[in-house]
Amino acid sequence: MIETLKNAFRNKDIRKKIFMTFLLLLLFRFGCYIPIPGLDRGQFGDMVSNNDFLNLMSGITGSALANGTLFALGIGPYINASIIIQLLTVGIPALERLSKQGEEGRKKITNITRIVTIILAVIQSVGIIVLFGNTQGAITTSFFFGQTWLAGIFMTLVYTAGSCLVMWIGERITDYGVGNGISLIIFIGILSTAGTTILNKLLAITSKNVGEILLELAIFAVVTVVLFFLIVFVDLAERKIPVQYAKQVRGTKMYGGQSSVIPMKITGSGVMPLIFAFAIISFPSMIMSLVPSWSGALEWWQANFSNGSPWYIIVLCVLIFVFSFFYAQIQFNPEDVSKSIQQNGGFIQGIRPGKPTAQYLKKINNRITLFGAIFLTLVAFIPSIAFSWASYDLVNVFSTTGILIVVSVALEFDKQLQSQIMMKNYKGFLK
């Protein structure tokens, strides 16, 4: 990675892209510290920390949600909109046709995703404000002529605008920077949350507990490095299925006769199953919190489905497995891959082309998805178990999804830099 960065900075064009990426990410972090009038930040932070899903989203936004700042919603609405459109593309023929129309279709789907992002940002803003408004004195109306509804409208507009601005920053990074802007924003948000927590831990050192805190941080660093190594090892693991292409004569030229592979990653679905699972299991408590008459049901839910309870662990594991297989079916279609191989004159050794190839690929995909689901389930609980001896703030630094996101984005950023260097250094055969 360090050698890749050195080679990248030697090229003027890539260096400009890196600086552009850095400036846009710096703009995002600046917006995470702009306060919004009308909120009691202390009570708002306590409410977020008591909700598992809001706490997860706060970690992704770099604690902007817990602080109630301009970018409180972060990139969450855009991610949810992208997931919804991606799922609807499979079920709605019109969207499926757009996805197959090349660049023009991609632009139309992007515009639809932006519209859905704005709608989801408004819904999430209203939901959080209503949930937060149930707390006495949580919303201050001194800036809004004593009108709570006016304060709610203002905060909804500001949070929606902040979410749209984050979406714009992410798209600009993708267009003019290096790597995927949305992933880098999440990456920076998680690292900033971790850095702030560790810094606060260091500032809390006193003459009485300096040795204890330093020992805790040292052990935490060692365990974190081991976990990162294991996750990188699994994240890079893949099953390569060899494909042989027959020789074809077209005119005066001969094509084919080469061998290739179909790479199938164990973690091909990424962290999406984890995000889906945490969102689903946290959604009922959020809905029940909005209705005062459901306080009894909310207490029962929190008592039986709180973080770490047996029912919580069982339901979360089932949801991770369900969404892993569901997302794998969306990302990898054995029938389409088999048809593409057959049309290009290819075949898998020992497997007949057509339906037998599709069945073989489906069987391999299901097996890999099973191991991927087991891996994601372990990732969901290993950090809490590994850091159970540490204080809660250190345990929360690298959440269940945070570690996997950081590793995946860092590896993808390294690949993007290597591809940029390769493109810039390519001279062509005639030079």
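Throughout this document, residue positions are counted from 1 along each chain, in the order its sequence is written. Where local features are concerned, this predicted model is filtered to residues with pLDDT of at least 70; where side-chain atom pairs are given and counted, the filter is 80 or more; whole-chain, interface and lining totals use all residues. Think of the side-chain values as coming from all heavy atoms in the structure, minus any hydrogens and water.

1. Things to note about the overall build of the chain
Okay, so step 1: We count a stretch as a helix when DSSP gives it H or I for four or more residues in a row; a strand needs E for two or more, and each element gets its number in order from the N terminus. The helix and strand tally for the chain stands at 18 helices and five strands.
Okay, so step 2: Summary of the burial criterion: residues with accessible area below 20% of their type's maximum are buried, those above 50% are exposed, and those between are partly exposed, where the area comes from a 1.4 Å probe applied to protein chains only. Across the 431 residues in the chain, those meeting the buried criterion constitute 42%.
Okay, so step 3: By definition, residues are in contact when any of their heavy atoms lie within 4.5 Å. For the chain, restricting intrachain contacts to residue pairs at least 6 apart in sequence, the fraction spanning at least 24 positions comes to 72%.
Okay, so step 4: Here the chain displays about 23500 Å² of accessible surface, and carbon together with sulfur accounts for 66% of that area. Only the protein chains shown count as cover for residues, with accessible areas throughout obtained via the Shrake-Rupley method and a probe of 1.4 Å.

2. As for the packing of aromatic side chains
Okay, so step 1: Any pair of Phe, Tyr and Trp rings, taking the six-membered ring for Trp, is counted once the centres come within 6.5 Å. Such a pair is stacked with planes under 30 degrees apart, edge-to-face with planes over 60 apart, and tilted for the rest. Taken as a whole and assessed by the stated rule, the structure comprises one aromatic pair.
Okay, so step 2: On the numbers, 5.9 Å between centres and 10 degrees between planes, the contact of Phe-28 with Phe-71 is stacked. Remark: Phe-71 occurs in the loop between helix H5 (64-67) and helix H6 (76-91) and Phe-28 occurs in helix H2 (residues 12-31); sequence separation between them is 43 residues.
Okay, so step 3: Residue Phe-28 is classed as buried on the basis of its relative accessible area of 1%.

3. Section: the confidence of the model for the chain
Atom-level detail of predicted coordinates should not be read off regions where pLDDT is low.
Okay, so step 1: Residues of the chain with pLDDT of at least 70 account for 78%, and the chain-wide mean is 76.
Okay, so step 2: Every residue is assigned a pLDDT by the predictor, reflecting its confidence on a scale from 0 to 100. Scored below 50 in pLDDT, residues 427-431 shows zero contacts in the model against residues more than four places distant or in partner chains.

4. Some words on the sheet that holds strand S1 (residues 238-245)
Either a parallel or an antiparallel arrangement is found when strands of a sheet pair, and the pairing is made through backbone hydrogen bonds.
Okay, so step 1: A strand pair is defined by DSSP finding two or more bridges across the two strands. Strand order in the open sheet made by the three strands is S4-S1-S5, with antiparallel pairing throughout. The sheet terminates laterally at strand S4 (259-265) and strand S5 (346-347), the two strands that pair on one side only.
Okay, so step 2: Pairing of S1 with S4 involves seven bridges; the strand directions are antiparallel. Looking at the pairing, Pro-242 lines up with Val-261 of S4.

5. Considering the side chain of Arg-172
Okay, so step 1: Assignment of secondary structure puts Arg-172 in helix H9 (residues 148-176).
Okay, so step 2: Since its relative accessible area comes to 18%, Arg-172 is described here as buried.
Okay, so step 3: Once residues within four sequence positions are removed from consideration, Arg-172 is found in contact with Leu-24 and Gly-177.

6. Description of the nonpolar core
Okay, so step 1: As used in this record, nonpolar core signifies buried Ala, Val, Leu, Ile, Met, Phe, Trp, Tyr and Cys residues forming a set joined through side-chain atoms within 4.5 Å. Grouped together as the largest cluster of nonpolar side chains are 73 residues, with contacts concentrated most on Ile-75, Met-155, Ile-185, Ile-186 and Leu-316.
Okay, so step 2: Leaving out residues up to four positions away in the same chain, Leu-316 has contacts with Ala-277, Phe-278, Ile-281 and Phe-381.

7. Things to note about empty space enclosed by the protein
Okay, so step 1: Buriedness for pockets is judged along seven lines, at least five of which must meet protein on both sides within 12 Å for an open set on the 1 Å grid over protein atoms alone, while cavities are sets there where a 1.4 Å probe fits but cannot get out, and lining residues have an atom within 4 Å of a point. Grid points are joined across faces, edges and corners, and a volume is the space filled by probe spheres set on the points. Per the counting criterion, the structure on display carries two cavities of 30 Å³ or more.
Okay, so step 2: Estimated volume of the largest cavity: approximately 40 Å³.
Okay, so step 3: Of all the secondary-structure elements, those providing two or more residues to the lining of the largest cavity are helix H10 (181-203) and helix H18 (400-425).
Okay, so step 4: Broken down by element, the residue count for the lining of the largest cavity peaks at three residues, all from H18.
Okay, so step 5: All amino acids are sorted into three groups, where Ala, Val, Leu, Ile, Met, Phe, Trp, Tyr, Cys and Pro are nonpolar, Asp, Glu, Lys and Arg are charged, and the leftover types, Gly among them, are polar. Residues of the lining of the largest cavity, tallied by class, amount to three nonpolar, three polar and one charged.
Okay, so step 6: In this structure, the second largest cavity spans a volume of roughly 30 Å³.
Okay, so step 7: The wall of the second largest cavity is formed by Ser-338, Ile-341, Gln-342, Gly-346, Phe-347, Ile-348, Pro-353, Gly-354 and Thr-357.
Okay, so step 8: Every element with two or more residues in the lining of the second largest cavity is listed here: helix H15 (334-343) and S5.
Okay, so step 9: No other element matches H15, which puts three residues into the lining of the second largest cavity.
Okay, so step 10: By residue class, the composition of the lining of the second largest cavity is four nonpolar, five polar and no charged.

8. With respect to the layout of surface pockets
Okay, so step 1: When its volume is computed, the largest pocket comes out at roughly 1600 Å³.
Okay, so step 2: As for the largest pocket, its lining consists of 47 residues, of which Ser-82, Gln-86, Asn-180, Ile-182 and Ser-183 are closest to the centre.
Okay, so step 3: Of the residues forming the lining of the largest pocket, the biggest block, eight residues, is contributed by H18.
Okay, so step 4: In terms of residue class, the lining of the largest pocket is made up of 16 nonpolar, 21 polar and ten charged.

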